[in-house]
Amino acid sequence: MNSSTPLDLVILGSGMAGLAAAQLARANGLKAVVFDKGRRIGGRVSTRRAAGFTFNHGAQFLTARHPDFVNTCDDAVAAGALRPWPVSGRDAFCGAPTMRDLPSFLGDHLEITQGVEITRVENHDGLVAFHDASGLVATARQAVITAPAPQAKRLVADAAPELGAAAATATYAPCWTAMFGFDADALPEHTAPIQEKSGPVGWGVWEAHRPGAVAQDGAALTIQAAPDWSEEHLEQDQAPVAEAILAAWQVASGTALGRPSYMAAHRWRYARVMTTANADAPRISANGRIALAGDWLAGARVEDAWLSGRMAIERLAAAAA
Ligand SMILES: Cc1cc2nc3c(=O)[nH]c(=O)nc-3n(C[C@H](O)[C@H](O)[C@H](O)COP(=O)(O)OP(=O)(O)OC[C@H]3O[C@@H](n4cnc5c(N)ncnc54)[C@H](O)[C@@H]3O)c2cc1C
């Protein structure tokens, strides 16, 4: 792409909010490009492959209630990218064979560039200009910023400081996710996820026990600590965190496990939205060029992120009309 040719729209972030925005923009006939700093599509809807194991270490499942999102999930089910997961709720789904398959499905046919970290957003000659560490990346008539609130606040500080008010009011709980790989014979009979409100085991499941799970040679176990425990241990090193979570899992599940052949922990600083942005704060810049999106504007779930992305496009369209 030639960075000097203005696009209709630049979207920062290929999470659920960014993908929803990009899909609606495309349906509206706009030339939109998504930039994301991560290696892979999906943001917090994510899957990690390591040492031959596959772990869904971000969002564990999603729920669909709004008719538009229900339709999208139905399409994803028909394409084999989602499966109903009744054990997690009547309206719950999980990605198939992995959680990342949902964003991959949504991102099909969209123009998305991963591995680009936007460091500066500015208004320039009636356009929004996006820069990374080495210079100008793209310009566009309008933009959607879907980074988590603290990062969004920094990004819009020059181009749309009025949007900082919304970003300043959202708060998050962190989450430690621990991942363990065992020999196949460690896999128990089919079990439902274990869920507890507090402590080192907030939610955990053997990956093979998800519907439509990816086939694995070994047994992969993913456990997410509850918000209180994650907050308390946020600055600890990975190894003791993973050890503590594994010990607690054995107590919670009543099973003794041997040493895992793979063990890791991932620290999500901005995992779950605890306070959504003040409803009265603006979501679109005074000049009508930059809109905010992300779960933190509407709720704390995948569906909220998706709805916020569509809302951003509707706001930008209204401003341009
Ligand atoms: C551990 C965990 C468990 C969860 N469990 C559930 C669950 O069970 N059910 C549920 O519904 N939700 C769950 N969630 C929440 C759900 O994942 C989020 O609500 C949703 O994925 C947020 O989507 P988003 O697009 O708003 O943000 P994100 O997915 O965070 O996307 C933002 C994107 O912006 C990119 N970005 C940020 N800054 C820059 C920059 N400067 N330049 C370029 N790119 C940038 C990031 O790389 C990221 O990809 C969970 C989240 C976590 C972390």
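Bear in mind that the values here come from a model prediction, so they are computed numbers and not experimental data. (Residues numbered from 1 in each chain as written. Predicted model: local features only at pLDDT ≥ 70, side-chain atom pairs only at ≥ 80, totals over all residues. Heavy atoms only, no water.)

Our focus in this paragraph is the site of the ligand. Around the ligand, the surrounding shell holds 34 residues, and the nearest of these are Asp-36, Arg-44, Gln-60, Phe-61 and Asp-295. In the model, a nitrogen atom of the ligand is placed 2.9 Å from a nitrogen or oxygen of the Ile-118 main chain. When the ligand sits alone it has 1000 Å² of accessible area, and the protein chains cover 95% of it. Where the shell around the ligand is concerned, the elements lending two or more residues are helix H1 (16-27), helix H4 (149-155), strand S16 (262-275) and helix H8 (302-320). A per-element tally of the shell around the ligand places S16 first, with three residues. Within the shell around the ligand, the residues separate by chemical class into 16 nonpolar, eleven polar and seven charged. Of the domains in this structure, domain 1 (7-170 + 276-320) and domain 2 (172-274) are the two that each give at least three residues to the shell around the ligand. (Near = heavy atom within 4 Å. Polar contact = N/O pair within 3.5 Å; in protein donor to acceptor, adjacent residues only side chain to side chain. Areas by Shrake-Rupley, 256 points an atom, 1.4 Å probe, with all protein chains shown as cover. Helix = DSSP H or I, 4+ residues; strand = E, 2+ residues; numbered from the N terminus. Nonpolar A, V, L, I, M, F, W, Y, C, P; charged D, E, K, R; others polar. Domains from an automatic or database assignment.)

The final tally for this structure, using the stated rule, is ten salt bridges. With a shortest N-O distance of 2.9 Å, Asp-295 and Arg-44 are connected by a salt bridge. Linking Asp-295 in the loop between strand S17 (290-292) and H8 with Arg-44 in the loop between strand S2 (32-36) and strand S3 (48-50), this pair joins segments that are 251 residues apart in sequence. For Asp-295, a relative accessible area of 5% translates into the label buried. A salt bridge links Glu-207 to Arg-210; its shortest N-O distance comes to 2.9 Å. A single burial state applies to Glu-207 and to Arg-210, both of which are buried. (Salt bridge = Lys/Arg side-chain N within 4 Å of Asp/Glu carboxyl O. Buried < 20%, exposed > 50% of the residue type's maximum accessible area, 1.4 Å probe, protein only.)

Moving on, we come to the domain arrangement of the chain. The extent of an interface is frequently quoted as the accessible surface area lost upon association of the parts. For the chain, the assigned domains read domain 1 (7-170 + 276-320) and domain 2 (172-274). Buried surface at the junction of domain 1 and domain 2, summed over both partners, amounts to about 2700 Å²; 62% is from carbon and sulfur atoms. Ranking the residues of domain 1 by area buried against domain 2 places Phe-53, Phe-55 and Gln-60 at the top, with a combined share of 24%. The interface formed by domain 1 and domain 2 includes zero salt bridges. Linking domain 1 with domain 2 are twelve residue pairs in polar contact (both at pLDDT 80 or more), by the criterion used here. Of all the elements in the fold, those that place two or more residues in the side of domain 1 that touches domain 2 are S3, strand S4 (53-55), strand S6 (82-84) and H4. In terms of residue class, the side of domain 1 that touches domain 2 is built from 17 nonpolar, twelve polar and four charged. (Buried area = accessible area lost by both parts, 1.4 Å probe.)

Across the interface, H1 lies against H8 with an axial gap of 7 Å and an inter-helix angle of 40°. Accordingly, the angle class assigned to the pair H1 and H8 is oblique. As H1 packs across H8, the resulting crossing turns out to be right-handed. When H1 is examined against H8, the residues Met-16, Ala-17, Ala-20, Ala-21, Gln-23, Leu-24 and Ala-25 are found in contact with a partner set consisting of Val-302, Ala-305, Trp-306, Ser-308, Gly-309, Arg-310, Ile-313 and Glu-314. Here the residues of the contact of H1 with H8 are counted per class, giving ten nonpolar, three polar and two charged. (Axes fitted to C-alpha atoms, helices over the stretch in contact; angles between N-to-C directions. Parallel < 35°, antiparallel > 145°, perpendicular 65-115°, else oblique. Left-handed = near helix turned anticlockwise from the far one by under 90°. Contact = heavy atoms within 4.5 Å.)

If you walk through the whole model with that rule in mind, you get nine aromatic pairs. The interplanar angle of 90° and the centroid separation of 6.3 Å between the aromatic rings of Phe-61 and Trp-85 together place this pair among those described as edge-to-face. You can see Phe-61 sitting in the loop between S4 and strand S5 (62-63) and its partner Trp-85 sitting in the loop between S6 and strand S7 (92-95), a full 24 residues away along the chain. The class for Trp-85 is buried, based on a relative accessible area of 4%. Among the aromatic side chains, those forming a connected cluster through ring pairs are Phe-53, Phe-55 and Tyr-262. (Phe/Tyr/Trp six-rings, centres within 6.5 Å; stacked < 30°, edge-to-face > 60°.)

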